[in-house]
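Okay, here's what each chain looks like letter by letter:
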Protein chains: 2
Amino acid sequence: MLSSEDLSYGMIRFNLKLVLLLLCAAVVIVTLSLWTRCGEVVLANRGRKNSGQAAEWDTGNKKLPNGQDTYGGEVVEHGGNSDLQGYEEIECNINGEHSIGCRKEGGEIYLPFSFLQKYFEVYGKLATYDGYERFEWSHSYSKVYYPKGKYDPRGVFMYFENYNVEVRDRVKCVSATEGVPVSTQWESQGYYYPTQIAQFGLSHYSKNLTEPEPRRTVLEDAESDLLAHWVVPNGAALSRILDPRTGSHVVQFSSPDSVTSGISLKLDHVLDFVLSLNFVFTINSSFTVVLQSREKRDQIFHLHYICSDLLISAQDQYVYHGIGHCEHTQPWRRLTRDLVVDLHKGLAYQNKPKRKLSRSKLKVVGLTFRGSGQLDNLTLSTSEHLSQFYDAAQWLVLHQDASTGGWPNPVRRRVAPGMADLEPGWYSAMGQGHALSVLARAYHHSGGDTSYLHSALAGLRPFEVASSAGGVLARFLGHIPWYEEYPTQPASFVLNGFIYALLGLYDLGVVAPSASQQATQLFRQGMVSLKQLLLLYDTGSGTTYDLRHFMLGIAPNLARWDYHATHVNQLLLLATIDHDPLLTATAERWIGYMSGKKAPHN
Amino acid sequence: MLSSEDLSYGMIRFNLKLVLLLLCAAVVIVTLSLWTRCGEVVLANRGRKNSGQAAEWDTGNKKLPNGQDTYGGEVVEHGGNSDLQGYEEIECNINGEHSIGCRKEGGEIYLPFSFLQKYFEVYGKLATYDGYERFEWSHSYSKVYYPKGKYDPRGVFMYFENYNVEVRDRVKCVSATEGVPVSTQWESQGYYYPTQIAQFGLSHYSKNLTEPEPRRTVLEDAESDLLAHWVVPNGAALSRILDPRTGSHVVQFSSPDSVTSGISLKLDHVLDFVLSLNFVFTINSSFTVVLQSREKRDQIFHLHYICSDLLISAQDQYVYHGIGHCEHTQPWRRLTRDLVVDLHKGLAYQNKPKRKLSRSKLKVVGLTFRGSGQLDNLTLSTSEHLSQFYDAAQWLVLHQDASTGGWPNPVRRRVAPGMADLEPGWYSAMGQGHALSVLARAYHHSGGDTSYLHSALAGLRPFEVASSAGGVLARFLGHIPWYEEYPTQPASFVLNGFIYALLGLYDLGVVAPSASQQATQLFRQGMVSLKQLLLLYDTGSGTTYDLRHFMLGIAPNLARWDYHATHVNQLLLLATIDHDPLLTATAERWIGYMSGKKAPHN
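Draft legend 1. Examining the overall build of chain A more closely. Helix and strand content of chain A: eleven helices and 22 strands. Counting every position in chain A, which comprises 602 residues, the buried fraction comes to 58%. Considering only contacts in chain A between residues 6 or more positions apart, those separated by 24 or more positions represent 65%. Accessible surface computed for chain A: about 23,900 Å², of which carbon and sulfur atoms make up 52%.

Next comes the structure, spelled out in C-alpha cells:
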C-alpha cells in the first residue's frame with residue numbers, strides 16, 4: 001500500500017451553530033387608546049420632533065424598558081374567532097402615492113404583510129408548532145456565527161465548515177485533472193477562479209476538523225488477493241505486483257480496446273460516495289463508476305473518467321470528466337472524486353434536475369477499468385476532506401505567477417458602471433488572502449513543506465503593488481492603504497474582501513512568524529486602515545458592500561443581509577485576535593440592525 | 001417726520017409651497033395568492049438571495065412598472081362591513097424577540113400600525129374627506145422646497161420666509177435694546193446667538209419680499225396737532241417742536257414721577273401689532289403699551305419698555321423689556337416691537353400658556369409715556385420686516401470681534417461625547433455664513449452702505465483659520481477643507497451648517513464681486529469639498545447629520561427627517577447655481593428616501 005496523506009491527527013470540532021430559542025407563549029398587546037374619529041386625528045407621531053402638528057398621541061403599547069414586550073404569560077386565543085366585532089375595511093394611502101386595502105378594528109389600523117414585505121423588504125412565514133399557528137416576522141435572513149474562542153490559523157477558517165463550494169450552481173464541475181472547482185460565475189465556459197479554489201480548500205480543511213471521522217472502505221490495496229473480486233474477461237489481464245518505484249504492492253491491469261467490457265468490479269455500496277485511488281495509466285486509459293438509483297433500479301448512471309483534457313461533458317446518463325493526459329512514465333497520481341457531485345454536475349450540464357438523486361437515494365454498483373496501468377488504494381469514503389484540501393493547496397502552488405506572486409483571474413470583470421473593467425489576469429486581494437490562508441494551513445499541516453511557504457511568501461508581493469500597477473493596493477484619498485478584492489479604477493474598497501485578505505495575512509504571520517514578518521506588517525497596516533474606515537460602511541440600519549458611492553458619487557451599494565452578516569462574522573472573528581472595543585461595539589450594533597434596530601437620529 | 005428706512009422697493013413674491021395632491025379614489029389590492037397551511041409556509045421572501053429555503057413565492061400584489069399601484073378606478077367599500085368572513089386573531093412573533101397580536105384573513109396577515117410606527121418610525125393618521133375615512137401613511141414628515149428659479153443673493157434666503165425665529169420656544173425674548181432674539185438653547189439665562197440672530201434677519205428680509213405690503217397706522221408724527229389725542233395730566237407737558245438735530249418736527253414730552261398716570265393715548269386698535277417709534281429719552285423714562293383681550297375685557301396686559309439693561313421680566317399681567325440706558329444726549333433711536341411676541345414671551349417667562357392670546361384675539365387699547373424725552377413716527381403696523389432685518393444686520397456689525405472677524409458664541413457647547421467641549425467664544429462657520437448672507441443683503445439693500453461690506457469681508461477671516469486654532473476650517477483626513485458649524489476636536493463635519501456657510505460665501509461673492517474675490521474662492525473650494533464628501537452622508541435610506549461615526553468610531557448620527565429635508569432643500573438650491581448633475585441626482589435620490597425608497601442592495 002502506498003502511503004497517503006496522514007489521516008490521523010488531532011481533530012478540533014467546533015459546533016458554531018446557534019441554538020435558536022423558539023418562543024412558545026404569546027402576548028396580546030392591548031390597545032386601550034382613546035380614539036377620536038372627527039376630521040383628522042394623528043395616530044402615530046412618536047419620535048417626531050419639531051412637528052407643527054398639535055395633536056400627537058401614543059397608541060399606548062405596553063413596552064418594557066429593555067425594549068422587549070412581555071411574553072410568556074398570556075396566550076392569544078387562536079383560530080375559531082372569525083367574526084371579530086367592529087372589524088372593517090379601510091383604505092390606506094401610502095405616502096400620497098398609492099393605496100392599499102387595510103383593516104380597522106377599534107383604535108387600531110392593520111396593514112397587510114404583502115405590502116409591508118415589499119415596502120420594507122422584511123420576511124415572514126406561517127409556522128405551526130405547539131398546537132397552534134403563528135406568523136414569524138424576520139427583519140433579515142442571515143446568520144451570525146459567534147466565535148467560541150480565539151481564532152487560530154491552524155484551525156477552522158471562519159465558519160467555512162458550513163460551506164459546500166463545489167455544489168454551488170456557479171461551479172461547473174470539479175476538475176478531475178486538478179481536483180479543484182471550475183467557476184462559471186463571470187464566464188459561462190468555465191475558468192479556474194483562485195478565490196473559489198481557495199474557499200474549496202478552506203471548506204474541506206475546516207470540515208475535516210469538524211466532521212466525524214469518515215467511514216472508509218478499501219476496495220483494493222493489492223496487499224491481498226482476497227480483497228476485490230475483479231472480473232477479468234478474456235484478452236484482459238490483472239495482477240498484483242510489487243511496484244519498484246515505491247516498494248509497495250499495486251494492481252497492474254491491461255484491457256485493450258477489443259475487450260469492451262474492461263476489467264470490472266461489481267459493487268453494492270451505499271452512503272459513501274467519495275472515491276479515491278492512486279494510479280498510473282497509459283495513454284487513452286479510463287475508468288468508469290456506475291451509480292444506480294435505489295428507488296428506480298432502471299435509473300443507471302455512468303461516470304467516465306478519461307485520459308483527456310476535457311473538463312466535463314455529459315449526455316443522458318453518461319458523464320465524462322477528463323483526468324488529463326496519461327503516460328505510463330508519469331509519477332503516481334492520486335484522484336479523489338465525490339461521485340454524487342460529479343453526477344449532479346453532469347446532470348446540471350444537461351440542465352436536468354438533480355434534486356431527486358440525493359446521496360441517500362443512490363448506490364455504487366460497479367467500477368470498470370479500460371486500457372492499462374497500475375492502481376492502488378482504491379477506496380470509497382464518506383469524505384476525503386484533506387485530500388481535497390491538498391488538491392487546492394497544490395493547485396495554488398502550481399498556478400501562481402512566478403514573477404508577480406499573483407494568482408491571476410482569467411476573466412474580464414465589470415464591478416460597477418463608472419469603473420474601468422478589470423482585464424483578464426487581474427489579482428484579487430481576497431483571492432491572494434484566501435490563498436495565504438490555504439497555504440499557511442498546508443504548511444502547518446504538512447509539517448513544514450516549504451513549497452507551500454514559498455508560494456505563500458511570494459503571494460504577498462501584490463499587496464505592495466498599487467492596484468493601478470497590477471497589484472491589489474489602493475489608498476483611500478491617496479493615503480489610507482486598502483487591499484482591493486477588485487483592483488478597480490477608481491478603487492472600490494469592498495469591505496468583506498479586504499477583511500478576508502487581512503485574515504490570510506494574519507494566518508501566514510502566525511503559522512510562519514519568522515519567515516513572514518512582511519505578512520504581519522501588512523496585517524497590522526491593514527488593521528489600522530480597517531479601524532479608520534470601518535464606520536464609512538455603517539448606514540445606521542445596515543452596511544454598504546463597498547465605497548462606490550463615495551468614489552463615483554452614486555447611490556450606495558447596500559450589502560444584502562448575507563454580506564452584512566459576513567461583515568459581522570468577520571468583525572467578531574477579528575475581535576478575538578484584536579481587543580480594540582471598536583470591533584466588538586461595531587459588530588454588536590450591526591447585529592442589532594439585523595433585527596430592525598437602528599442607529600439613533602438627532 | 002424723520003426719514004426712516006426706505007419702505008418702497010420691488011417686492012418679489014415666491015410661493016414655494018407645494019400643492020399637495022389629495023388622492024380621491026382608492027384601489028383594492030386583491031391578494032389572490034394560493035395558501036398552504038401545513039407546517040411552515042414561506043409567505044414572503046422577495047429580494048432574498050442565496051436563501052437555503054426551497055419554497056419561495058410571491059403573494060402577488062399588482063404593481064405597475066413605475067412602482068405605483070393602480071388607483072383612481074375602483075373604490076374600496078368603506079365602513080359598515082364589520083363582520084368580514086374568515087378574519088381571525090393570530091400571534092406575530094417579531095424576530096424571535098417578542099410577540100404582538102395580528103389578524104389573519106385568508107392568505108393575508110395584517111399587522112397593527114401601533115407596532116409598525118414604533119418599529120419603523122413611520123407616521124400615520126386617519127383623515128376623513130370626500131365622504132369617507134382613510135388612513136394616511138407617511139414615511140417622513142418634512143417638506144421639500146423646489147426652487148422656482150436660480151438662487152439670487154439679493155432675494156429670499158432659502159425658504160426662510162416661512163421661519164418665525166422669534167416665536168420659537170428656545171427664544172427667550174427679542175431684546176428691546178438690540179432688537180434681536182435672545183437664545184436659551186444651550187444656556188437657560190439667555191445669550192446672543194449669532195446664528196439665530198442672522199436667521200432672524202434673513203427670515204424678516206425674506207418675509208418682506210414675499211408678504212403683502214403691511215398696513216401702517218401712524219399714531220403720531222408731530223407734523224400736525226390733530227393726529228393723536230394725548231391725555232396730558234396736570235404737572236405733565238407735551239409739545240410738538242422742530243428738532244434742531246434733524247430738522248424734523250417731533251413730540252417733546254415731560255411727565256415727572258409725581259404724575260403716575262403719565263402722558264397717555266387711548267387706542268382701540270386691532271390686527272396690527274408691530275409698534276415702531278423714534279425716540280430720545282432722558283434717564284429712567286419709559287413707555288407702556290396696554291393690550292386687552294377682545295373676548296375677556298377684564299384680561300388686560302401691560303407691556304413696559306423701560307430704560308434699563310434688563311432683558312425681560314414679567315409678573316402676572318405686567319411684562320418688562322429693557323430698552324437699555326437712556327440719556328438725552330444720545331442720538332435718535334428707532335425701536336420696533338412685535339407686541340404679541342413681547343406679550344407671549346412675558347407669559348412664557350412665567351410658564352403661562354399663550355395659545356389663547358393669538359393676534360386675532362387682542363387689541364391695543366393704550367399707550368403711556370413717563371419721564372421725559374422726544375418721540376416721532378409712532379406707528380402700528382402689520383409688520384416691519386425691514387426694520388427687524390436691519391436690527392439684525394446692525395447687531396452683526398456692532399458685535400463682531402474686530403481682531404478675528406468672528407461672531408463669538410458665548411456658551412459652552414458639547415457636540416458629542418468623545419469630542420472636546422467648545423469653550424465659550426467659539427465661531428461657527430454656519431453663523432459666519434449666515435452673517436455674510438445678512439450683511440450681503442444689507443449692503444445690497446442699503447444701496448452700498450460700506451459698514452455692512454467691511455463687516456462681511458472681515459467675517460471671512462475665520463474661514464482661513466484652522467478650527468484647532470480658533471477658526472472654522474477643518475480638513476477631512478488632513479486634506480479636504482470643510483467649514484465647521486461646530487469647530488470641534490476632532491472635527492464633526494456637520495453637513496447642513498457647511499452648506500449654509502457656502503451660501504453665505506456665495507451671497508457675498510455675488511453682491512460684492514470685486515471686493516470679495518476671497519469669498520468666491522472660499523465658496524468654490526467648499527463646493528469641491530462638498531461634492532467630494534457628499535456621498536459619505538448617504539445611508540441609502542436617509543442621511544447622516546455629520547460624520548461623527550467616522551471621526552469617533554461610533555454609531556452614525558442619523559439626520560431626523562427635518563434635517564434630511566434641509567439637506568435636500570440645500571442641494572436643490574445649490575443645483576440652481578451649479579449644474580453638476582451630482583447635486584440634482586443626489587437630491588432626487590434623497591427625496592425618494594422620504595417616501596420609503598431605498599438605494600439598491602447587491
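Now that the structure has been shown, the text picks up again.
Draft legend 2. Just the packing of helix H2 (residues 194–210) of chain A against helix H5 (residues 429–445) of chain A, in detail. All names here are of chain A. Remark: H2 packs on H5, axes separated minimally by 8 Å, with the N-to-C direction vectors making an angle of 35°. Along this stretch, H2 crosses H5, giving a crossing that reads as left-handed. Packed against H2, whose contacting residues are Thr 195, Ala 198, Gln 199, Leu 202 and Tyr 205, the element H5 presents Met 430, Gly 431, His 434, Ala 435, Ser 437, Val 438, Arg 441, His 444 and His 445 at the interface. Partitioned by chemical class, the residues of the contact of H2 with H5 number six nonpolar, seven polar and one charged.

Draft legend 3. Looking closely at the side chain of Thr 543 of chain B. Positionally, Thr 543 of chain B belongs in the loop between helix H8 (517–533) and helix H9 (548–552). Engagement of the side chain of Thr 543 of chain B in a polar contact is seen with the side chain of His 567 of chain B, the distance being 3.0 Å.

Draft legend 4. Up close: the packing of helix H4 (residues 385–398) of chain B against helix H6 (residues 450–458) of chain B. All names here are of chain B. One way to put it is that H4 packs onto H6 with a least axis distance of 9 Å and a crossing angle of 55°. The orientation of H4 relative to H6 falls into the category oblique. Handedness of the H4/H6 crossing: left-handed. Contact residues: Tyr 390, Ala 393, Gln 394, Leu 396 and Val 397 in H4; Ser 451, Tyr 452 and Ser 455 in H6. Considering only residue class, the contact of H4 with H6 consists of five nonpolar, three polar and no charged.

Draft legend 5. Main features of the pattern of salt bridges. Throughout the structure, instances matching the rule amount to 40 salt bridges over all chains. Arg 240 of chain A is the salt-bridge partner of Glu 220 of chain A, the closest N and O atoms lying 2.8 Å from each other. Residue Glu 220 of chain A is found in strand E9 (residues 216–220), and its partner Arg 240 of chain A is found in strand E11 (residues 237–243); the two are separated by 20 residues along the sequence. Overall, the relative accessible area of 0% leaves Glu 220 of chain A in the buried class. A salt bridge links Asp 272 of chain B to Arg 215 of chain B, with the shortest nitrogen-to-oxygen separation between them at 2.8 Å. Of this pair, Asp 272 of chain B sits in the loop between strand E13 (263–270) and strand E14 (274–281) while Arg 215 of chain B sits in the loop between helix H2 (194–210) and strand E9 (216–220), and the two are 57 residues apart along the sequence. Assessed through its relative accessible area of 46%, Arg 215 of chain B is described here as partly exposed. Shared partners join several salt bridges into a network, and the residues in it are Glu 213, Arg 216 and Glu 384 of chain A.

Draft legend 6. Representation of the pairing of strand E22 (residues 480–483) of chain B in the model. Residues and elements named next belong to chain B. By the alternation rule, side chains of E22 split into Ile 480 and Trp 482 and Pro 481 and Tyr 483, which are all buried. Bridge count for strand E21 (residues 473–476) against E22 is four bridges, and the pairing is antiparallel. Along E22, the bridge assignment pairs Ala 474 with Trp 482. Connecting the antiparallel pair E21 and E22 is a turn made up of three residues, with Leu 477 showing a positive phi of about 50°.

Draft legend 7. View of unusual backbone geometry. Geometrically, the link from Gln 489 of chain A to Pro 490 of chain A is a cis peptide bond, its omega value of -5° lying close to zero. Inspection of the secondary structure puts Pro 490 of chain A in the loop between strand E22 (480–483) and helix H7 (495–511). One non-glycine residue, Asn 377 of chain A, adopts positive backbone phi at about 55°. In this fold, Asn 377 of chain A is placed in strand E20 (residues 362–381). We classify Asn 377 of chain A as buried; its relative accessible area is 7%. Positive phi values are uncommon outside glycine, yet Met 158 of chain B reaches one of about 45°.

Draft legend 8. Here's a closer look at the side chain of His 269 of chain B. Its location among the elements puts His 269 of chain B in strand E13. Beyond its immediate chain neighbours, meaning those up to four positions away, His 269 of chain B contacts Thr 217, Lys 363, Val 364 and Leu 380 of chain B.

Draft legend 9. Highlighting the nonpolar core. Of all hydrophobic cores here, the largest spans 192 residues; its most connected members are Tyr 483 and Leu 530 of chain A together with Tyr 483 and Leu 530 of chain B. Once residues lying within four places of it in the same chain are set aside, the contact partners of Tyr 483 of chain A are Ala 429, Phe 463, Val 472, Leu 473, Phe 498, Ala 501, Leu 502, Leu 505, Leu 522, Gln 525 and Gly 526 of chain A.

Draft legend 10. Geometry of H2 of chain A. Its 17 residues give H2 of chain A an end-to-end C-alpha distance of 24 Å, which sits within 8% of 24 Å, the value for a rise of 1.5 Å per residue. With 17 of 17 residues buried, H2 of chain A is to be regarded as a mostly interior element.

Draft legend 11. Main features of the environment of Leu 265 of chain B. Its location among the elements puts Leu 265 of chain B in strand E13. Taking the C-alpha atoms as reference, Leu 265 of chain B lies 22 Å from Asp 243 of chain B; in sequence the two are 22 residues apart.

Draft legend 12. Region of interest: the packing of aromatic side chains. With the rule as written, the count across this model stands at 86 aromatic pairs over all chains. Taking the centre distance of 5.7 Å and the plane angle of 70° together, the rings of Phe 113 of chain B and Trp 137 of chain B count as edge-to-face. Pair noted here: Phe 113 of chain B is in helix H1 (residues 113–120) and Trp 137 of chain B is in strand E6 (residues 132–138), with a separation of 24 residues, a long-range link. With respect to burial, Phe 113 of chain B and Trp 137 of chain B carry one shared label: buried. Taking the ring centre of Tyr 486 of chain A as reference, the NZ or CZ of Arg 413 of chain A above it sits at 4.5 Å. The side chain of Arg 134 of chain B reaches across the aromatic face of Tyr 129 of chain B, ending 3.5 Å from its centre.

Draft legend 13. Geometry of the state of the cysteines. Residue and element names in this part refer to chain B. Taken as a whole and judged by the stated rule, the model has four disulfides over all chains. Disulfide pairing is shown between Cys 92 and Cys 102; the S-S distance is 2.3 Å. One disulfide, between Cys 92 and Cys 102, carries an S-S torsion of -130° and so falls in the left-handed class. Remark: Cys 102 occurs in strand E3 (residues 98–105) and Cys 92 occurs in strand E2 (residues 87–94); sequence separation between them is ten residues. Among the residues examined, Cys 92 registers a relative accessible area of 0% and is labelled buried. According to the relative accessible area criterion, Cys 102 is buried, its value standing at 0%. Residue Cys 307 pairs covalently with Cys 326 via a disulfide, S to S 2.0 Å. Note on the Cys 307 and Cys 326 pair: the S-S dihedral is about -90°, so by sign convention the disulfide is left-handed.

Rules and cut-offs
- Counting from 1, residues in each chain are numbered in the order their sequence is written.
- Starting at A for chains and at 1 for ligands, labels are handed out in the order in which the entities are written.
- Given that the model is predicted, a residue must reach a pLDDT of at least 70 before its local features are reported, and side-chain atom pairs must reach 80 or more before they are shown or counted; all residues, however, enter totals for whole chains, interfaces and linings.
- Excluded from the side-chain calculation are hydrogens and water; included are all heavy atoms of the structure.
- By the criteria applied, helices consist of DSSP H or I runs no shorter than four residues and strands consist of E runs no shorter than two, each listed in order from the N terminus.
- Each residue is assigned to one of three classes by its accessible area relative to the maximum for its type, calculated with a 1.4 Å probe on protein chains only: buried under 20%, partly exposed between the two thresholds, exposed over 50%.
- Contacts were defined at the residue level, with two residues in contact if any of their heavy atoms lie within 4.5 Å.
- Surface accessibility in these figures is a Shrake-Rupley result with a 1.4 Å probe; residues are shielded only by whichever protein chains are displayed.
- All axes here are fitted lines through C-alpha atoms, helices being fitted over the stretch that makes contact, and every angle between N-to-C directions spans 0 to 180 degrees.
- Two helices cross in a left-handed way if the nearer one is turned anticlockwise from the farther one by less than a right angle. They cross in a right-handed way if the turn is clockwise.
- Polar here means any residue other than Ala, Val, Leu, Ile, Met, Phe, Trp, Tyr, Cys and Pro, which are nonpolar, and Asp, Glu, Lys and Arg, which are charged; Gly is therefore polar.
- Counted as a polar contact is a pair of N or O atoms within 3.5 Å, where, for protein atoms, one must be capable of donating a hydrogen and the other of accepting one, and residues adjacent in sequence contribute only when both atoms are in side chains.
- In these notes the angle categories are as follows: under 35 degrees is roughly parallel, over 145 is roughly antiparallel, 65 to 115 is roughly perpendicular, and the rest is oblique.
- Definition used for salt bridges: Asp or Glu carboxyl oxygen within 4 Å of a side-chain nitrogen of Lys or Arg.
- Two strands pair if DSSP finds at least two bridges between them.
- Within this scheme, the nonpolar core is defined by two criteria: the residues are buried Ala, Val, Leu, Ile, Met, Phe, Trp, Tyr or Cys, and they are joined through side-chain atoms within 4.5 Å.
- Expected span of a helix: the number of residues minus one, times 1.5 Å.
- Aromatic pairs are defined between Phe, Tyr and Trp rings, using the six-membered ring for Trp, whenever the two ring centres lie within 6.5 Å; interplanar angles under 30 degrees are classed as stacked, those over 60 as edge-to-face, and all others as tilted.
- Should the NZ of a Lys or the CZ of an Arg lie within 6 Å of a ring centre and within 35 degrees of the ring normal, that charge is described as sitting over the ring.
- Working definition: a disulfide is two cysteine sulfur atoms within 2.5 Å of each other.

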